[in-house]
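Descriptive structure summary
For reference, the chains in residue letters:
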Amino acid sequence: MGDLRERFIMCCQNTFSCFKERETVPPSDIKKYDIEVIPNVHTEPPARVIPPIPAEKPKCVYLALYDYMARTDDDLSFHAGDKLEPINKSEDWWYVRGITGISANKQGYVPANYVVPVKSLDAEPWYFPETKRLDAEKMLLSDENQNGSFLIRNCESQTGELSLSVLDNSKVKHYKIKKLDNGGYFLSKSQNFSTLRELVEHYTNNDDGLYIHLREPCKKTIAPETNGLSYNTVDQWEIPRTSVKLLRKLGAGQFGEVFEGIWNDTTAVAVKTLKPGTMDAKDFLQEAQIMKRLRHPKLIQLYAVCTMEEPIYIITELMSNGSLLEYLKKDRGACLRLPTQVELGSQVAAGMAYLELQNYIHRDLAARNVLVGENNVCKVADFGLARVFQKDTGENVYEAKEGTKFPVKWTAPEAMHENKFTIKSDVWSFGILLYEIVTFGQMPYPTLTNYQVVQKLQTGYRMSCPLSCPKYLYEIMCDCWREVPADRPTFETLQWELEDFFEPDVSSYDDASRY
Ligand code: ATP
């Protein structure tokens with residue numbers, strides 16, 4: 001015990017002598033000891049500073065709009081309605097902590113486009129801002145919805161305005177929501193509301209000029225495509241071949257076969273397998289770098305690639321109804337009516353208008369390169385691929401000779417003769433695609449060979465108006481086939497021309513002020 005006490009005293013003495021030594025270090029030696037000597041000007045001990053208690057940062061809570069099933073071990077599954085708190089927001093995939101529901105107290109990555117701030121207009125179950133009038137009708141008329149189901153969407157014809165769409169006895173009625181200068185809203189002048197929520201609450205309890213009470217919000221059943229397959233594939237999109245299983249063959253094209261597949265045993269995908277030698281992996285990867293940045297609801301999303309060995313795999317989103325060409329032929333006359341055909345055309349124009357904006361050229365636009373999903377949703381596929389194939393398969397592939405693989409009947413004269421592929425040559429092909437749509441997938445110039453087509457186009461010949469095609473639609477096709485590329489319309493114009501084809505004018509809105 002005494003021993004211990006002595007050792008303690010010695011230890012203290014050493015410590016104090018050490019302090020003493022430090023105090024006596026001559027200023028010239030300060031550097032050597034790397035100690036800063038601060039002259040002691042204050043005699044009183046400094047007052048203790050109590051750091052302010054940081055105000056607790058309010059939680060930034062997000063609401064899930066759709067269900068999501070984890071695709072990788074790093075992901076977090078959640079249900080629509082669950083609340084989540086973002087920990088790290090990168091662009092398309094956020095690392096979050098679950099607050100309620102099946103994700104509560106768990107952490108993982110989630111697709112950013114599945115969640116919205118909890119106290120925002122976007123979180124209102126009836127708010128469908130980007131929904132077009134026709135889509136609103138399709139959604140409300142689906143089996144999941146009942147009389148009185150409704151949604152509020154942006155008005156297509158007047159930017160900044162809103163419309164209310166309501167299911168009323170198997171018909172969808174549309175009402176214009178008018179805005180007050182002070183920021184309020186009304187359907188009929190007699191009733192003003194400061195928020196959309198108040199307006200909805202009011203018309204849920206009274207019909208008050210509407211023909212029906214508002215009941216349930218329209219069901220949000222179709223989740224949007226995630227941007228990329230997962231957080232991990234955003235940058236690392238060369239994925240191991242073993243992570244993809246091919247399930248069944250969907251079809252075959254000039255350059256290989258396409259399969260329905262499953263990635264990571266969790267996610268349905270389409271896998272395009274390229275015949276060995278159809279393209280150079282380096283060329284493809286270069287083009288694919290651009291292709292993967294092109295994202296639009298009307299373009300097929302390129303998810304990932306396997307290029308380390310042949311055959312190259314191109315992994316994209318899966319479309320349940322295959323190519324538009326097969327779809328048109330299969331359903332010929334049975335279900336498709338002119339409004340749907342025009343709508344298919346407008347969707348393709350929308351995807352192409354996006355490519356136009358990005359200064360990107362498709363080079364092989366045709367019904368065989370458009371894919372169809374549920375509810376006649378269609379998306380442009382294979383954009384940019386023709387360029388890579390062209391390099392590898394030789395010049396003659398694109399020569400205007402009979403018997404070559406060149407899609408002569410879809411290709412603009414200047415692209416054929418001078419190899420001038422531009423967005424305007426895509427517009428020419430779009431005119432042919434419209435012809436395919438209205439004829440339910442008929443071969444263009446049905447009585448002519450490729451060679452005859454090339455010859456006749458030079459004399460100013462154009463296809464005549466197909467049977468049962470309205471004159472106005474045929475005029476749009478002819479605009480696409482103008483000789484001078486610059487005289488052809490832009491895709492942006494084509495999109496609105498087709499979207500407005502059946503668009504009723506403002507007077508077509510139902511009147512909410514009949515009382
Ligand atoms: P080409 O190669 O001459 O352009 P193509 O476009 O028909 O012809 P592919 O792109 O190889 O050839 O597609 C072959 C078939 O596979 C398509 O017709 C379609 O039925 C199916 N298919 C292709 N991609 C998908 C996809 N993402 N989802 C569903 N089916 C697909």
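Residues numbered from 1 in each chain as written. Predicted model: local features only at pLDDT ≥ 70, side-chain atom pairs only at ≥ 80, totals over all residues. Heavy atoms only, no water.

Topic: the packing of aromatic side chains
Using the criterion set out here, one finds eleven aromatic pairs in the structure. Seen in terms of ring centroids, Tyr 68 and Trp 93 are 6.1 Å apart; in terms of plane orientation they differ by 65°. Their pairing is edge-to-face. With Tyr 68 in the loop between strand S1 (62–64) and strand S2 (83–89) and Trp 93 in strand S3 (residues 93–98), this residue pair connects regions lying 25 residues apart in the sequence. Each member of the pair, Tyr 68 as well as Trp 93, carries the same accessibility label: buried. Centre to centre, the rings of Phe 78 and Tyr 114 are 6.5 Å apart; their planes meet at 80°, and the pair counts as edge-to-face. A residue pair is termed long-range when its members are at least 10 positions apart, and Phe 78 in the loop between S1 and S2 and Tyr 114 in the loop between strand S4 (107–111) and strand S5 (115–117) qualify at 36 residues. Members of the aromatic cluster, each reached through a chain of ring pairs, are Tyr 66, Tyr 68, Phe 78, Trp 93 and Tyr 114. Between the NZ or CZ atom of Lys 220 and the centre of the ring of Phe 128, over which it lies, the distance is 4.8 Å. Against the face of Trp 410 rests Arg 368, its NZ or CZ located 4.6 Å from the ring centre. (Phe/Tyr/Trp six-rings, centres within 6.5 Å; stacked < 30°, edge-to-face > 60°. Helix = DSSP H or I, 4+ residues; strand = E, 2+ residues; numbered from the N terminus. Buried < 20%, exposed > 50% of the residue type's maximum accessible area, 1.4 Å probe, protein only. Lys NZ or Arg CZ within 6 Å of the ring centre and 35° of its normal.)

Re the sheet that holds strand S6 (residues 150–154)
With respect to topology, five strands assemble into an open sheet ordered S6-S7-S8-S9-S10, the strand pairing being antiparallel. Each having just a single partner strand, S6 and strand S10 (192–193) make up the two edges of the open sheet. Of the strands in this sheet, S6, strand S7 (162–168) and strand S8 (171–179) touch helix H3 (residues 133–140), which is tilted by about 165° from S6. (Pairing = 2+ DSSP bridges. Contact = heavy atoms within 4.5 Å. Axes fitted to C-alpha atoms, helices over the stretch in contact; angles between N-to-C directions.)

Side note on the pattern of salt bridges
Overall, the coordinates contain 19 salt bridges when judged by the stated rule. Lys 173 serves as the salt-bridge partner of Asp 168, at 2.9 Å between the closest nitrogen and oxygen. There is no split in this pair, since Asp 168 and Lys 173 are both buried. Of the charged contacts in the structure, one is a salt bridge between Arg 368 and Asp 364, with a shortest N-O distance of 3.1 Å. Since its relative accessible area comes to 17%, Asp 364 is described here as buried. Through salt bridges that share partners, Asp 135, Lys 138 and Glu 343 make up one connected network. (Salt bridge = Lys/Arg side-chain N within 4 Å of Asp/Glu carboxyl O.)

Take it as geometry only, folks, not as evidence of what the structure does.
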